[in-house]
Amino acid sequence: MKKDLHPEYHQAKVTCISCGNEFTVGSTEDEIKVEVCNNCHPFYSGKQRNAERGGNVEKFNKKYGRK
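Residues numbered from 1 in each chain as written. Predicted model: local features only at pLDDT ≥ 70, side-chain atom pairs only at ≥ 80, totals over all residues. Heavy atoms only, no water.

Note the threshold: UniProt positions are given in the numbering used here, feature names are shortened, and annotations may be inferred rather than shown by experiment.
If you look the chain up in an unreviewed UniProt entry, it shows as Large ribosomal subunit protein bL31 from Anaerococcus prevotii. Quoted verbatim from the Sequence similarities (unreviewed entry) field of the UniProt record, the comment on the chain reads "Belongs to the bacterial ribosomal protein bL31 family. Type A subfamily."

Given below as structure tokens:
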């Protein structure tokens, strides 16, 4: 086998730009910067808002006066 074929694998520090959260992961890079992490992402933090606009059936019933 060839020597020095694979990159070095070590622990990298990941820093979130938006909230400042830091954690470590295994990577070939020394330092990783991300824009959104699981701490500040709306889906994973539980702060996601669902749009309650009604469906097509409700729009039809409202338009034609049905209850």
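Next comes the rest of the description.
Describing the state of the cysteines
Covalent bonding between the sulfur atoms of two cysteines is what defines a disulfide. As a reminder, the rule being used: We call a pair of cysteine sulfur atoms a disulfide when they lie within 2.5 Å. Under the scheme applied here, a residue whose accessible area is under 20% of the maximum for its type counts as buried, over 50% as exposed, and between as partly exposed, the area being computed with a 1.4 Å probe on protein chains only.
Evaluated as defined, the whole model comprises 0 disulfides. With no disulfide of its own, Cys19 has Cys16 as its nearest cysteine by sulfur position, at a separation of 3.6 Å. Here Cys19 falls in the partly exposed class, since its relative accessible area comes to 37%. Among the cysteines around Cys40, which has no disulfide bond, Cys16 carries the closest sulfur, lying 3.6 Å off. Residue Cys40 is classed as partly exposed on the basis of its relative accessible area of 28%.

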